[in-house]
Amino acid sequence: MGKLPILLLRIFATISAKKKNGNLTAMFRRILIAGWVFLFGSMVLLAVFPKLALLIPHPELIRVFLIPFVLISFVYGIVTLYRLGMKRAKGE
């Protein structure tokens, strides 16, 4: 059991060593992925344990955050595809 934290620290250290310059798009991508994982994970938890829905104070606020989150994800996808296309057009 003691080896797991050491392994996780080693993995995160190699990831941060590879991205030393702090790429902003990589950070934004990680935030989007974490947000979607949280969203779908919470939906699965609510499906498995429906009584948890009673503990959420204002479930209608999910829509307020979901719509901009979806729009931001689409814009990020379009920008990423555009950048990949421009790199391919330049021959890199």
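Conventions adopted
Residues numbered from 1 in each chain as written. Predicted model: local features only at pLDDT ≥ 70, side-chain atom pairs only at ≥ 80, totals over all residues. Heavy atoms only, no water. 1 Å grid on protein atoms, 1.4 Å probe; cavity = no way out; pocket = protein on both sides within 12 Å on 5 of 7 lines; lining within 4 Å. Points joined across faces, edges and corners; volume = space filled by probe spheres on them. Helix = DSSP H or I, 4+ residues; strand = E, 2+ residues; numbered from the N terminus. Phe/Tyr/Trp six-rings, centres within 6.5 Å; stacked < 30°, edge-to-face > 60°. Buried < 20%, exposed > 50% of the residue type's maximum accessible area, 1.4 Å probe, protein only.

## Focus: the layout of surface pockets
Over the atoms rolls a probe the size of a water molecule, and its path tells where empty space is left.
Here comes step 1: In this structure, the largest pocket encloses a volume near 400 Å³.
Here comes step 2: Gly-35, Phe-38, Leu-39, Ser-42 and Ile-62 are, among the 14 residues lining the largest pocket, the residues nearest its centre.
Here comes step 3: Those elements giving two or more residues to the lining of the largest pocket turn out to be α2 (24-48) and α3 (61-90).
Here comes step 4: If one sorts the elements of the lining of the largest pocket by residue count, α2 sits on top with 7 residues.
Here comes step 5: Looking at the lining of the second largest pocket, the elements with two or more residues in it are α2 and α3.

## Some thoughts on the packing of aromatic side chains
Here comes step 1: Across all of its chains, the model carries 3 aromatic pairs by this definition.
Here comes step 2: Between the aromatic rings of Phe-28 and Tyr-76, the centroid separation amounts to 5.6 Å while the plane-to-plane angle is 55 degrees, which identifies the pairing as tilted. With Phe-28 in helix α2 and Tyr-76 in helix α3, the pair connects residues that are 48 residues apart, well separated along the chain.
Here comes step 3: Here Tyr-76 falls in the buried class, since its relative accessible area comes to 18%.
Here comes step 4: With a centroid separation of 5.7 Å and an interplanar angle of 25 degrees, the aromatic rings of Trp-36 and Phe-40 are classed as stacked. Placement of the pair is Trp-36 and Phe-40 together in helix α2, with a separation of 4 residues, close to one helical turn.

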